[in-house]
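Structural description and commentary
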Amino acid sequence: MLNVADILETIGMIREENLDIRTITMGISLLDCVSEDPDHLCTRVYDKITRTAEHLVKTGVDIEHEYGIPIVNKRVSVTPISLIGGSISPEGYLKLAHTLQRAADTLGINFIGGFSALVHKGMTTGDRNLISVIPEALAETTNVCSSVNVASTKAGINMDAIRLMGSTIKRAAYLTRDNNSIGCAKLVVFANVPEDNPFMAGAFHGVGEPDSVINVGVSGPGVVAAAIRRAGDCNLSELADVIKKTAFKITRVGQLVASEAARRLHAPFGIIDLSLAPTPAIGDSVARILEEMGLEVCGTHGTTAALAMLNDAVKKGGVMASSHVGGLSGAFIPVSEDEGMIAAVNAGALSLEKLEAMTAVCSVGLDMIAVPGDTSEEVICGIIADEISIGVANTKTTAVRLIPAYGKGVGDSVSFGGLLGTAPIMPLRTDSPARFIARGGRIPAPIHSLKN
Amino acid sequence: MKAVITVTGKDSVGIIAAVSAFCAEKDANITEITQNVLSEYFAMIMIVEIDKLTVPFADFAAGLAALGSARGLDIRAMHEDIFNTMHHI
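**Focus on the overall build of chain A**
Helix and strand counts for chain A stand at 16 helices and 15 strands. Taking 22 Å as the expected radius of gyration for a compact globule of 452 residues, we find that chain A reaches 21 Å, a close match to that expectation. Looking at chain A residue by residue over its 452 residues, the buried ones come to 62%. In chain A, the proportion of contacts linking residues at least 24 apart, taken out of those at least 6 apart, comes to 78%. Working note: accessible area of chain A is about 16,500 Å², and carbon and sulfur atoms make up 52% of it. Here chain A contributes 38 positively and 48 negatively charged side chains, and the mean placements of these two sets differ by 3 Å.

**Quick look at the pattern of salt bridges**
Using the criterion set out here, one finds 27 salt bridges over all chains in the structure. One salt bridge connects D20(A) with R22(A), and the closest N-O pair in it is separated by 3.2 Å. For the pair formed by D20(A) and R22(A), the shared burial category is buried. By sharing partners, the salt bridges in this structure join R15(A), E16(A), D74(B) and R76(B) into a single network.

**Examining the nonpolar core**
In this structure, I49(A), V76(A), I81(A), F115(A), V150(A) and L310(A) are the most contacted members of the largest nonpolar core, which totals 145 residues. It is helix α10 (residues 236-265) of chain A that provides the largest number of residues to this core, a total of 12 residues. Those residues in contact with L310(A) that lie beyond four places of it in its chain are V224(A), I243(A), L276(A), V286(A), I289(A), L290(A), M293(A) and A331(A). Counting residues in hydrophobic clusters, the runner-up holds 21 residues, among them A28(B), V48(B), I50(B) and L64(B).

Rules behind the numbers
- Residues numbered from 1 in each chain as written.
- Chains lettered and ligands numbered in written order.
- Predicted model: local features only at pLDDT ≥ 70, side-chain atom pairs only at ≥ 80, totals over all residues.
- Heavy atoms only, no water.
- Helix = DSSP H or I, 4+ residues; strand = E, 2+ residues; numbered from the N terminus.
- Rg over C-alpha atoms; globule rule 2.2 N^0.38 Å.
- Buried < 20%, exposed > 50% of the residue type's maximum accessible area, 1.4 Å probe, protein only.
- Contact = heavy atoms within 4.5 Å.
- Areas by Shrake-Rupley, 256 points an atom, 1.4 Å probe, with all protein chains shown as cover.
- Lys, Arg positive; Asp, Glu negative; His and termini not counted.
- Charge placed at Lys NZ, Arg CZ, Asp CG, Glu CD.
- Salt bridge = Lys/Arg side-chain N within 4 Å of Asp/Glu carboxyl O.
- Core = buried A, V, L, I, M, F, W, Y, C linked by side-chain atoms within 4.5 Å.

Below, the structure is given as structure tokens:
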């Protein structure tokens, strides 16, 4: 039996608190497209994607209209392209990137993820060939996203791959210099990457996945912030309960949309990604939740503790609301995509070092952070290695999406528009880690006893 | 199957009549109405049966939204499952 208060609560969440489904992402396996002829491979890839996801956008729109809940993005993730490209030439890989773009255009989706390689222990020739054209692929396409997994808790950290990613990121920034180095916003470097993540830019369709699958990412920072505001001056045990209950409700909507989308698209339901994903819109910020919890500004002392509690409570509330949970599940803290984070950086309250500490207790990592364009490759590698180490040592996913904005320095900012937002250029230490990075090799996997 | 229609905005003459007429025209049977006015702010919740709708539900919802914006009201029609799922285990 529906009651008025429940109905008004749901309407209020959608209308005033920006509740939405952030993404329906269809994962598509391309393993059956493999061919030794690059042109044939591209044809099969295009056909498989456009055939499997033919009704994705329309289904998303239909569900949106029926249930009255905005579904912001409809996306596709595919098998890491280095796995299906095998030994084709770098030019062949670039052709595959264009094929993905063509498929995205045909489908009307806003991102396609999976121009990816998994190199946490070592690199194949195919991996090298793919990575060598990532900058061109990102510069010559608009909707193709790329990711590279360079480390895992079981394999350790592939520092040779990190070194390669340092130069790849710099080159992507240069090739897209006329557009605020936007290429880097579509490239993520991971540790312990999840194989069922629906969020971009890091989504791909893992090798243990079925032919196709529906994964859904929920959102709702505004809803959580409003619930905390209404809770007033309660203690933290009570506040954790408020967050859990809110996360439960948000996730139930995600589960409904995911099951409905899976049924209509004849694909199995995969997972719900329980993430608080912010947008640059006012009232849709994770930083503002932390401030609502009682911090004067996000980034001050106490931020890591507040974020740890928020992240944990969101997961506890969400887990019971969904039959399968996966992906990145946790609070996201991208700087450019979060109005409160941008304000905190501009106010000088939030530093890169604090963001790094925060990533030890929440989802993902150093995300959508703009740094000076003249940052050296070695410093970028050092930032990646630091962040990746946090993931490897703590058996969690971490990632880096850095934008060394070409021609920009501290005091400037770069604006990407839309969900990618605006990023103030953040200062970095300039002392060189070059000798450490130049050593290459692998950092061995961490020990899992003697925990300290 | 049922849908929930919510109407909110500044009160004026004929809101219920307009929404009811629209529902009747599209063969949506009204089973429940809750309505009140608080300091000129009108709020109404209608539960309607949508099994016999003469148009696709998306068009029904879009028609109501258009009817609302012409009168300066926010009118939403949403499948009841979103409320049931969110508020009932």
